[in-house]
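Listed here are the chains, written in short residue letters.
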Amino acid sequence: MHYFLESDVLNSRIIQRRIDTSLHLFQRHLFQERSSFLTANLGNDGTAVRHIFVQSPTNLGTQLGYQAYMPYAFEADQVRYYDTKSPFSDVEYSLGGGGQTRLNFSLARNVDSLWNVGIELQRMLADKVITDAAFKKGDQSLLGQWGLLLHSNYRSKNKRYRILGHINYFDQGSNDQGGIKLTANQTEAAALNYLDNSAILTNSTSQSNDKFLKFHIYHEFIGFKGLQFFQRFDVENRTVKYRDLDFTTSLADGFYPKTYINYIQAPSTPDSMYNENRWQSYSHQTGIKGVFRQFTYRTHLKQRYWTVYNPMNASSLNRFENYVGLWLHQSFSEKTDFTAEGEYLLGSDYALKAQFVSPWFYVKFQRTSSSPSIAQNWVHNISYRWKNDFANIQFDALEGGIDISSKSLYFKPSVMIQRIGNWIYYDTKANVQQSKEAIGVFRTSIDVGGNLGKLEWYTRVHANTQTGPDIIRMPNLAADANVALNLQYKKLLYVQTGLDFQYQSAYYGDAYMPVFQQYHLQNTYQLPAFVQTDAYVTLRINRVRLFFKMANVTQGLIGTNHYTAYLHPAMGRVFGYGVKWLLFD
């Protein structure tokens, strides 16, 4: 059973991507775990996400900038398209501590030999681990998310024409709590010893909602191998909201920095915090591409229009953008190739990328100049107001690594060097700032692992240093590891039992401001270093896989719990389980 991605078609590559049926790291069912612990959240799966190491920009042009929940949504470049001879279905369900529940359902089938349709549904839930007014009344719900993906692909009988597309819907809602509210003389470290901490936004009147509907189509016509025509169309409609009906109390508690409303006398009804952005974008891309032996090229023209409306001041911004782009790929052998690409937003942004990959080493380079987001340039509500004209963020990244592998052992060291100019960040009050000083980041990583009989293991270590102003907070050292024992019974039952490890060094991890979904600096408390250990057992019977896991199993033995963000504790020692059932011929 295989699937393909849109990028495979766009790059004129025939890749048969296999459905994963192995037990390797199957127990890692949470988003943070699947990212190799290189992301952090607010303690529960489904809450606001941030990368623990700074990332290179992925998009040119102005973006909305409210990105904390987007990693949970279906991504256009990861949509799986199938060509199934019989119906294919994939059901996945997992339940962890704190009510962390995830349900994924996928179904795909061919209408005929040339046309395939499919649907994918995702549901996520989580419960509160911090006490607030609703919690005391029995309402423990922290968040709920829905994701729906409808996809289809068709190719003509002579294989000269292909079209594929999808409709992507996402709806996220959460009851924001603001983190632990420290009592008088209580320290952040001491709060980790209690399970009944109160929330800063304790009256349960703060909610976030992020909803979008996206429509995407790609089609191509192959005149002949060296000259092919393609087009892409994208339409997006998105609304992002935040409200706090008890703004006055939250302001008095110091959660918000100020109010822009001045009263001659006290108002008869309390003020509320409300922030909303209604975003729409339309884009189309037209280009040509072709293949000459082992050389592939692609060039395109792209037009994009976006508009955003803020009802708090009844005003809007909009922009029409024109892009040109070029992509080149030279294959020297099955595992050795060189790729170069560039894209230019006329009069503004640009991106230049190049990479060389071989079986023994790789080198990557990227230079980008990207526009500030709406969240960075324009916010208007009762507590935060700015309309900036920030300069483009400049980002250079150079990465290289080597691969030394044998049948039973691999060793993959790598180095990442980043230079960042005009970095935009949010200060300790969550007000936006831009630095004129350059920031340098140097990160060394080692990925080593192997197997010995029935035992398999791996370790990844990232050592990070930086220069320049201290406005990007990252741990100096992060690592994750796994050790597992594989067992088999009569070629029917496959069992793996093992341990997962995660480590981060101490650093001043960011706080979170839900008003505009941004993590921001804090200088109050250095999140201590921690080691988390998870013990698990996974099983496979034919195409059914199950896992049983005790997360944070060493809590109370090696140390107390830890923080994933300032005043947001990680999930404590909890039991989780899950099942994944594949059905296809």
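To start, this report covers the structure provided alongside it. A quick note: this is a predicted structure, and the numbers were derived from the prediction, not measured. (Residues numbered from 1 in each chain as written. Predicted model: local features only at pLDDT ≥ 70, side-chain atom pairs only at ≥ 80, totals over all residues. Heavy atoms only, no water.)

## Comments concerning the packing of aromatic side chains
Inspection of every chain in the model, using the stated rule, returns 21 aromatic pairs. Measuring from ring centre to ring centre gives 5.1 Å for F255 and Y256, while their planes differ by 80°; the resulting arrangement is edge-to-face. Summarising the burial analysis for this pair, F255 and Y256 share the class buried. Judged by centre distance (6.3 Å) and plane angle (35°), the ring pair of F575 and Y577 falls under tilted. By relative accessible area, Y577 is classed as partly exposed at 34%. Counting every residue linked through ring pairs, the aromatic cluster contains Y384, W386, Y426 and F516. Sitting above the plane of the Y494 ring, R540 keeps its charged end 4.3 Å from the centroid. (Phe/Tyr/Trp six-rings, centres within 6.5 Å; stacked < 30°, edge-to-face > 60°. Buried < 20%, exposed > 50% of the residue type's maximum accessible area, 1.4 Å probe, protein only. Lys NZ or Arg CZ within 6 Å of the ring centre and 35° of its normal.)

## Focus: the layout of surface pockets
As a volume, the second largest pocket reaches approximately 520 Å³. Contributing to the lining of the second largest pocket are 24 residues, with I200, G254, F255, Y566 and L567 lying nearest its centre. Among the elements that make up the lining of the second largest pocket, the one with the highest residue count is strand β30 (residues 511-513) (three residues). Of the residues contributing to the lining of the second largest pocket, the split by class is 13 nonpolar, eight polar and three charged. (1 Å grid on protein atoms, 1.4 Å probe; cavity = no way out; pocket = protein on both sides within 12 Å on 5 of 7 lines; lining within 4 Å. Points joined across faces, edges and corners; volume = space filled by probe spheres on them. Helix = DSSP H or I, 4+ residues; strand = E, 2+ residues; numbered from the N terminus. Nonpolar A, V, L, I, M, F, W, Y, C, P; charged D, E, K, R; others polar.)

## A look at the pattern of salt bridges
Close approach of charged atoms allows side chains with opposite charge to pair. Applying the stated criterion across every chain yields a total of 22 salt bridges. Between E220 and K289 there is a salt bridge, with the nearest N and O atoms lying 2.7 Å from each other. Taken as a pair, E220 in strand β11 (residues 206-224) and K289 in strand β13 (residues 273-292) lie far apart in primary sequence, 69 residues in all. Each member of the pair, E220 as well as K289, carries the same accessibility label: buried. A salt bridge links R319 to E321, with the nearest nitrogen and oxygen atoms 3.6 Å apart. If you follow the salt bridges from partner to partner, you end up with R28, D447, R460, D480 and D500 in one network. (Salt bridge = Lys/Arg side-chain N within 4 Å of Asp/Glu carboxyl O.)

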